[in-house]
4 protein chains.
Amino acid sequence: MILKIDFESEMPIYEQLRRQIIEGIARGELNIGEELPSVRQLAEDIGINLHTVNKAYNVLKDEGYLVIDRRKGAMVKDTFPKATKEYYDSLEKELKFIVADAYCRGMGKDEFLKQCEIYFDEYIESRRERENGR
Amino acid sequence: MILKIDFESEMPIYEQLRRQIIEGIARGELNIGEELPSVRQLAEDIGINLHTVNKAYNVLKDEGYLVIDRRKGAMVKDTFPKATKEYYDSLEKELKFIVADAYCRGMGKDEFLKQCEIYFDEYIESRRERENGR
Amino acid sequence: MILKIDFESEMPIYEQLRRQIIEGIARGELNIGEELPSVRQLAEDIGINLHTVNKAYNVLKDEGYLVIDRRKGAMVKDTFPKATKEYYDSLEKELKFIVADAYCRGMGKDEFLKQCEIYFDEYIESRRERENGR
Amino acid sequence: MILKIDFESEMPIYEQLRRQIIEGIARGELNIGEELPSVRQLAEDIGINLHTVNKAYNVLKDEGYLVIDRRKGAMVKDTFPKATKEYYDSLEKELKFIVADAYCRGMGKDEFLKQCEIYFDEYIESRRERENGR
DNA sequence: GTGGTCTAGACCACC
DNA sequence: GTGGTCTAGACCACG
């Protein structure tokens, strides 16, 4: 799986890492139980600080995406993280704002929903392909 | 329009202000040409520094949501901001991640789309009500 | 002569007035000795404060564009303002920056000069027409 | 690169900084990818507040002249800012006034164009020299 | 009255 | 180390 960092982005590097790893899991590029590169390895590959990778891994651990084993390093958890009340609350807040912004900018409901549907289908399709391919 | 700030949030205060003002515009609570409180007034009401309000207003001005008149202060622009290529790019990036996260957490496509639809309808309905009420 | 104020501009209203009056003189819409509207009249026409018009007129008086007579109000001076050393200095400073910015943005020398030439010719032509028409 | 601030000028300090940095880029004194002093460093050197430097840097970032990297601070962007429609509009407005003023003050078209040409050539020459010198 | 600018100094996140 | 955010308080230009 290829990780791309935009050093000019306002988004913290660890957050960029976190998001791309979650997207990788959604697409099935990272499967349950799969080991991620070591902190040291990944940091060197991307050319960033070791602590930055560490932070991303630890956030994902706290969210329930990864387990971190002292010997084997980080791997994708065998169960997906729970959709807690906190998650739903923050999702609602985030989504409401995005919809408000899109609505103001003249984006139609259908166009927006269609786009969301496409993204969902991409993840579903990508996972199915990989599962069949195994 | 009531603005609520969460001082514990990691999200900057000016960004919280920005988002709530956009949501207010989407709901029609803030109508075209409507004057917002002066930076000093709003800062005092919320209990924050005037520079923080100023920053929120200026970000919204740059985005095309507000105009700032030397005489009357800030007011809602009579045209909505353009949905530029930059906007679509960042929306895609943001939405893709949110969908990935939701998908991983077991949220179904239908549930997600339904929720988005509800938010859209809320804004549409809210605006219609206010327009009829005028 | 029609004066248009952009209340949303960052440029002070009195400065917008000043510039448009100078452009009017350059185009020959305002001829030597021609009386400008009274401060009170112009302020009411545009819908701005009386003091704002006053400031514009006084700046133009100091620059040598207008003479202000207590009885007849403001009128275009019969001689053009001198191109003082101060003027040349500030012109150089301003022009150098504009050229630097244009150059960085990829504007060619020829394109830039061509544009300046067009503007010059417009003023020359406009004045000639009016002088012939009288 | 030496930056000179006129504390008596009506032009805001951050705007003076902005202009001189753009001129520095045009002259090639600041090359693509070159790092600018940190806000604290530059502020101390000039004897102004760090927020003022920060504002200048951020304006230049928004214009597309600089990128601000969390790790390295501000640096000259590898691509020059686009000459947008907004840019051309404001350039036209500005240039038209300057030409009108110069014309009224008896400055001939040839003299004006000659001067613009000289400035352009200075930037072109300065950049060439530096590129050869590298 | 309005916002714009500047200063001074604090704390924080990120790297 | 870097910039980002927030506060507090000052002065100014504009209208």
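Worth saying up front: this structure is predicted, and the values here are computed from it rather than measured. Per chain, residue numbering runs from 1 following the sequence as it is written. The order in which chains are written sets their letters, starting at A; the order in which ligands are written sets their numbers, starting at 1. In view of the model being predicted, local features appear only for residues whose pLDDT reaches at least 70, and side-chain atom pairs are presented and counted only at 80 or more, with totals across whole chains, interfaces and linings using the full set of residues. Neither water nor hydrogens contribute to the side-chain values; these are computed over all heavy atoms in the structure.

Enquirer: Is there a simple way to think about the protein's contact with DNA strand F in this case?
Expert: DNA strand F sits among 25 residues. The nearest are B:I13, B:Y14, B:H51, B:T52 and C:I13. Here a polar contact is taken to be a pair of N or O atoms separated by no more than 3.5 Å, where protein atoms must pair a possible hydrogen donor with a possible acceptor and residues adjacent in sequence count only if both atoms sit in side chains. Between B:Y14 and DNA strand F, the recorded distance is 2.5 Å, taken from a side-chain N or O atom to a phosphate oxygen. Within the backbone of D:V39, a nitrogen or oxygen atom sits 3.2 Å from a phosphate oxygen of DNA strand F. Only α1 (13-27) and α3 (50-63) of chain B, α1 (13-27) and α3 (50-63) of chain C together with α2 (39-46) and α3 (50-63) of chain D provide two or more residues apiece to the surface near DNA strand F. The nearness test applies per residue and asks whether one of its heavy atoms lies within 4 Å of the molecule or strand. Going along the chain from the N terminus, every DSSP run of H or I of four or more residues is numbered as a helix, and every run of E of two or more is numbered as a strand.

Enquirer: Is there a simple way to explain the pattern of salt bridges in this structure?
Expert: Side-chain pairs of opposite charge can arise where the charged atoms are in close proximity. Salt bridge criterion: a side-chain nitrogen from Lys or Arg within 4 Å of a carboxyl oxygen from Asp or Glu. Tallied over the full model, the rule gives 52 salt bridges over all chains. Here A:R19 and A:E15 are joined by a salt bridge, their closest N and O atoms 3.0 Å apart. Within this pair, A:R19 and its partner A:E15 are both found in helix α1 (residues 13-27), separated by 4 residues, close to a single helical turn. Only protein chains enter the accessibility calculation, which uses a 1.4 Å probe. A residue is then buried if its area is under 20% of the maximum for its type, exposed if over 50%, and partly exposed in between. Judged by relative accessible area, A:R19 falls into the buried class, the value being 15%. One continuous salt-bridge network, built from bridges that share partners, spans A:E15, A:R18, A:R19, A:E63 and B:E94.

Enquirer: Teacher, can you tell me more about the pairing of strand β1 (residues 66-69) of chain A here?
Expert: For a regular strand, the rule is simple: side chains alternate between the two faces of the sheet. Residue and element names in this part refer to chain A. Bridge count between β1 and strand β2 (residues 73-76): 4 bridges; the pairing is antiparallel. Its bridge partner lying in β2, V67 is registered against M75. At least two bridges found by DSSP between two strands are what make those strands a pair. Two successive antiparallel strands, β1 and β2, enclose a turn made up of 3 residues.

Enquirer: Please explain the relation of the copies chain D and chain C as it appears in this structure.
Expert: Note that the two copies of the chain are related through a rotation about an axis and a translation along the same axis. Relative to chain C, chain D is turned by 179 degrees and slid 0.1 Å along the rotation axis, the superposed coordinates differing by an RMSD of 0.2 Å. Those values place the two copies in the arrangement expected of a two-fold rotation axis. Among all residues of chain D, the minimum C-alpha distance to the rotation axis is found for D:L113, at 3.1 Å. Here 100% of the contact residues of chain D are again contact residues in chain C; the copies associate through an equivalent surface. Least squares is the method used to superpose the copies, on C-alpha atoms of residues holding a pLDDT of at least 70 in both. Residue contacts follow a heavy-atom distance rule, with two residues in contact if any of their heavy atoms lie within 4.5 Å.

Enquirer: Is there a simple way to think about the UniProt feature "domain: HTH gntR-type" (unreviewed entry) in chain A in this case?
Expert: This chain's UniProt record puts "domain: HTH gntR-type" (unreviewed entry) on residues 11-79 of chain A. Regarding residues 11-79 of chain A, the helix share stands at 54% and the strand share at 12%, and the terminal C-alpha atoms are separated by 28 Å. UniProt positions are given in the numbering used here, feature names are shortened, and annotations may be inferred rather than shown by experiment.

Enquirer: Mind showing me how you'd approach empty space enclosed by the protein here?
Expert: With a probe scaled to a water molecule rolled over the atoms, the places where space remains empty come into view. Only protein atoms enter the calculation, which uses a 1 Å grid: trapped sets of points that fit a 1.4 Å probe without letting it out are cavities, open sets showing protein on both sides within 12 Å along at least five of seven lines are pockets, and any residue with an atom within 4 Å of a point is a lining residue. Grid points are joined across faces, edges and corners, and a volume is the space filled by probe spheres set on the points. As enumerated under the stated definition, the model contains 1 cavity of 30 Å³ or more in all. Lining the largest cavity, in full, are A:D6, A:F7, A:S9, A:M11, A:I13, D:D69, D:R70 and D:R71. Counted by class, the lining of the largest cavity contains 3 nonpolar, 1 polar and 4 charged residues. Ten residues, namely Ala, Val, Leu, Ile, Met, Phe, Trp, Tyr, Cys and Pro, are considered nonpolar, four, namely Asp, Glu, Lys and Arg, are considered charged, and the remaining ones, Gly among them, are considered polar.

Enquirer: When you look at the packing of aromatic side chains in this model, what are you seeing that I'm missing?
Expert: Where two aromatic rings form a pair, the distance of their centres and the angle of their planes describe that pair. Each pair of aromatic rings taken from Phe, Tyr and Trp, with Trp reduced to its six-membered ring, is defined by centres within 6.5 Å and is described as stacked if the planes are under 30 degrees apart, edge-to-face if over 60, and tilted in the remaining cases. By the definition in use, this model includes 16 aromatic pairs over all chains. Linked through ring pairs, A:Y103, A:F112, B:F120 and B:Y123 together constitute an aromatic cluster. Working rule: Lys NZ or Arg CZ, within 6 Å of ring centre, within 35 degrees of ring normal, means a charge sits over the ring. In this structure, A:R105 is placed above the aromatic ring of B:Y87, and the distance from its NZ or CZ to the ring centre is 4.5 Å.

Enquirer: Could you clarify how one ought to interpret the interface of chain D and chain C in this entry?
Expert: Taken together, the contact pairs 43 residues of chain D with 44 residues of chain C. Buried area: the accessible area, evaluated with a 1.4 Å probe, that two parts lose upon being put together, summed over both parts. Summed over both partners, the interface of chain D with chain C comes to about 4700 Å²; 69% of that surface belongs to carbon and sulfur atoms. Taken as a group, D:Y103, D:R105 and D:F120 account for 17% of the area that chain D buries against chain C, more than any other trio of residues on that side. One can count 6 salt bridges joining chain D with chain C. D:K109 is paired through a salt bridge with C:D121; the nearest N and O atoms lie 2.9 Å apart. Joining chain D to chain C, the criterion identifies 14 residue pairs in polar contact (both at pLDDT 80 or more). Among the secondary structure elements, those contributing two or more residues to the side of chain D that touches chain C are α1 (13-27), α4 (85-104) and α5 (109-133) of chain D. Broken down by element, the residue count for the side of chain D that touches chain C peaks at 15 residues, all from α4(D). Across the side of chain D that touches chain C, the residue classes tally to 26 nonpolar, 1 polar and 16 charged.

Enquirer: Help me understand the environment of D:Y65, please; the structure alone is not making it clear to me.
Expert: Assignment of secondary structure puts D:Y65 in the loop between α3 and β1 (66-69). Residue classification places D:Y65 among the buried residues on the basis of a relative accessible area of 1%. In this structure the C-alpha to C-alpha distance between D:Y65 and D:G106, which are 41 residues apart in sequence, comes to 36 Å. Of note is the side chain of D:Y65, whose polar atom sits 2.6 Å from the side chain of C:D101.

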